[in-house]
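Survey of secondary and tertiary structure
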Amino acid sequence: NEIEQLMKTADIALYAAKKDGRGRARMFSRSMLVVLEQREMLRRSLRIALQEGQFFIEYQPLVRPPFSIAGFEALLRWRHPLVGLIPPSVFIPMAESDGLMSEIGQWVLEQACRVAGTWPPQFRVAVNLSPAEFLREGLTDRVAQALDAAGLRADRLELEITESVLLERTTNNLDTLNTLNVLGVQISLDDFGTCYSSLSYLKNFPFDTIKIDKYFITDLESDENSQTIVRSIIALAHGLGMRVTAEGVETRGQATWLQKEGCDQLQGYLLGVPMPAEEIDEFLQLSSLVML
Ligand code: C2E
Ligand code: MG
Ligand code: MG
């Protein structure tokens, strides 16, 4: 038993060391155990979160500069009854590794389509797809069903995928993307510039939109390298007939610069924070006042 305990603590320390990167050593400490136990607790609650109705979706506006709203991105939220709000960057990787993400993602897709069905018809809804959902058989059927059930035109749905989705299974990926394309849904490449940014995908698949990661937008006003990179991505996208969305726009200066450089859409706290579905009406009314 003592040996078992020792092995367990060694394992926890090993896990912590690995997390810090290659070639590190870490001593076991009590706080490591606490962190791990908390993660285990969350992991277990995640299994029942869907049935218990603890998930909800917030919608963040996608804006054509200066003020025209193109649609909203659906962002998943988990409100744990004891812990409170848990960010998707924490629970989505857990759900993904526990095989729960395709079920949760299906719920997001259906829910987001249903909500978008109540909006004025010029607004699109963007839904993020995780690798698990993308790789599971029958994605196109599930998308078609969700659209059907909500009575939503296919071109009002935009699916956001990251490159990590495309890395896993190359040949069929293009088939899947092409079938979705035939269905008429829009496809965007999320977080562009942070992962591998393999240009072969851009050559082989006509994405509708490239979303530039906020990493390049944050210091846009002070960093010439970011400016050069963003300018080049815009030129690259436009040359390929794709639109560009800038993520994480927080300041007026960033928005003005991006508009001047021909960026098609802006998303960020400056233009609107993620909000619950019930607040969208009011938001639309306010923003139509701004345009007058
Ligand atoms: P993402 O798809 O790149 O979404 C944009 C993230 O940037 C969101 O974080 C949003 O709240 C945040 N954001 C928006 N404007 C600003 C800004 O001006 N400044 C800063 N600093 N951040 C801003 P969030 O909601 O925490 O989501 C994080 C990630 O979790 C998303 O990144 C997406 O990859 C994933 N995610 C969220 N919902 C879903 C979902 O339903 N399914 C899947 N598979 N992934 C999801
Ligand atoms: Mg996204
Ligand atoms: Mg993104």
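The present account deals with the structure reproduced in this document. As the structure is a computational prediction, the values presented were derived from the model and not from experiment.

What follows covers the site of ligand 1. Close to ligand 1 lie 24 residues, the nearest being R77, D190, K214, E250 and Y269. The contact in question runs from a nitrogen atom of ligand 1 to an N or O atom on the backbone of L76, over 3.0 Å. Separating a nitrogen atom of ligand 1 from a side-chain N or O atom of E250 is a distance of 2.5 Å. Sorting the residues of the shell around ligand 1 by element identifies β2 (68-80), α3 (88-97), α4 (101-116) and β6 (186-192) as the ones contributing at least two each. No other element matches the 4 residues that β2 contributes to the shell around ligand 1. Of the residues that constitute the shell around ligand 1, the class distribution is 10 nonpolar, 5 polar and 9 charged.

Attention shifts here to the side chain of Q60. Secondary-structure assignment places Q60 in strand β1 (residues 55-64). Judged by its relative accessible area of 7%, Q60 falls in the buried class. A distance of 3.0 Å separates the side chain of Q60 from the backbone oxygen of G272, its partner in a polar contact. When residues no more than four places from it in sequence are discounted, the contact partners of Q60 are G71, F72, E73, L75, Q267, G268, Y269, G272, V273 and P274.

Geometry sets the ideal angles at a metal, namely 109.5 degrees for four tetrahedral donors and 90 or 180 degrees for six octahedral donors. Around the magnesium ion (ligand 3), the protein supplies D190 (OD), D191 (OD), E247 (OE) and E247 (OE) as donor atoms, at distances of 2.0 to 2.6 Å. The sequence pattern formed by the donor residues of the magnesium ion (ligand 3) is D-D-x55-E. Here the magnesium ion (ligand 3) and the magnesium ion (ligand 2) are spaced 4.2 Å apart, and both take D190 as a donor. Residue D190 is located in strand β6, and its partner E247 is located in the loop between β8 (243-246) and α11 (252-260); the two are separated by 57 residues in the primary sequence. The same class applies to D190 and to E247, which are both buried.

In this structure, E73 (OE), N128 (OD1), E160 (OE) and D190 (OD) serve as the protein donors to the magnesium ion (ligand 2), at separations of 2.0 to 2.2 Å. Along the chain, the residues donating to the magnesium ion (ligand 2) fall in the pattern E-x54-N-x31-E-x29-D.

All right, on to the packing of α4 against helix α6 (residues 139-150) then. Any two packed helices are characterised by the angle at which their axes cross and by the distance between the axes. The contact between α4 and α6 brings their axes to 8 Å, and the two run at 30°. Seen along the crossing, α4 lies across α6 with a hand that is right-handed. Residue-level inspection shows Q106, L109, E110, C113 and R114 of α4 in contact with α6, the latter providing R142, V143, A146, L147 and A150. Looking at side-chain class alone, the contact of α4 with α6 contains 6 nonpolar, 1 polar and 3 charged residues.

The subject of this paragraph is the pairing of strand β4 (residues 124-128). Of all 5 residues making up β4, 4 are buried, and the element is well covered by its neighbours. Sheet analysis places β4 next to strand β5 (residues 157-161), joined by 4 bridges and oriented parallel. Within β5, the position partnered with N128 by the bridge is E160.

On to the side chain of E163. Along the chain, E163 turns up in helix α7 (residues 163-167). In contact with E163, not counting residues within four places along its chain, are L189, C195, Y196, S197, S198 and Y201.

What follows covers the pattern of salt bridges. A full pass over the atoms with the stated rule returns 10 salt bridges. Salt-bridge contacts for K211 lead to E73; the nearest nitrogen and oxygen are separated by 2.9 Å. With K211 in strand β7 (residues 209-212) and E73 in strand β2, this residue pair connects regions lying 138 residues apart in the sequence. On the basis of relative accessibility, which here comes to 4%, the residue E73 falls in the buried class. Here R231 makes a salt bridge to E261, at a shortest N to O gap of 3.2 Å. Of this pair, R231 sits in helix α10 (residues 224-239) while E261 sits in the loop between α11 and β9 (265-266), and the two are 30 residues apart along the sequence.

In contact at an axis separation of 10 Å, helix α2 (residues 30-49) and α3 are set at 70° when each is read in the N-to-C sense. Here α2 lies roughly perpendicular to α3, going by the angle between them. For the pair α2 and α3, the sense of crossing is right-handed. From α2, R39, L42, R43 and L46 reach across to α3, where they touch V90, F91, M94, A95 and S97. Grouping the constituent residues of the contact of α2 with α3 by class yields 6 nonpolar, 1 polar and 2 charged.

Rules behind the numbers
Residues numbered from 1 in each chain as written. Chains lettered and ligands numbered in written order. Predicted model: local features only at pLDDT ≥ 70, side-chain atom pairs only at ≥ 80, totals over all residues. Heavy atoms only, no water. Near = heavy atom within 4 Å. Polar contact = N/O pair within 3.5 Å; in protein donor to acceptor, adjacent residues only side chain to side chain. Helix = DSSP H or I, 4+ residues; strand = E, 2+ residues; numbered from the N terminus. Nonpolar A, V, L, I, M, F, W, Y, C, P; charged D, E, K, R; others polar. Buried < 20%, exposed > 50% of the residue type's maximum accessible area, 1.4 Å probe, protein only. Contact = heavy atoms within 4.5 Å. Donors = N, O, S within 2.8 Å, 3.2 Å for Na, K, Ca; no water. Axes fitted to C-alpha atoms, helices over the stretch in contact; angles between N-to-C directions. Left-handed = near helix turned anticlockwise from the far one by under 90°. Pairing = 2+ DSSP bridges. Salt bridge = Lys/Arg side-chain N within 4 Å of Asp/Glu carboxyl O. Parallel < 35°, antiparallel > 145°, perpendicular 65-115°, else oblique.

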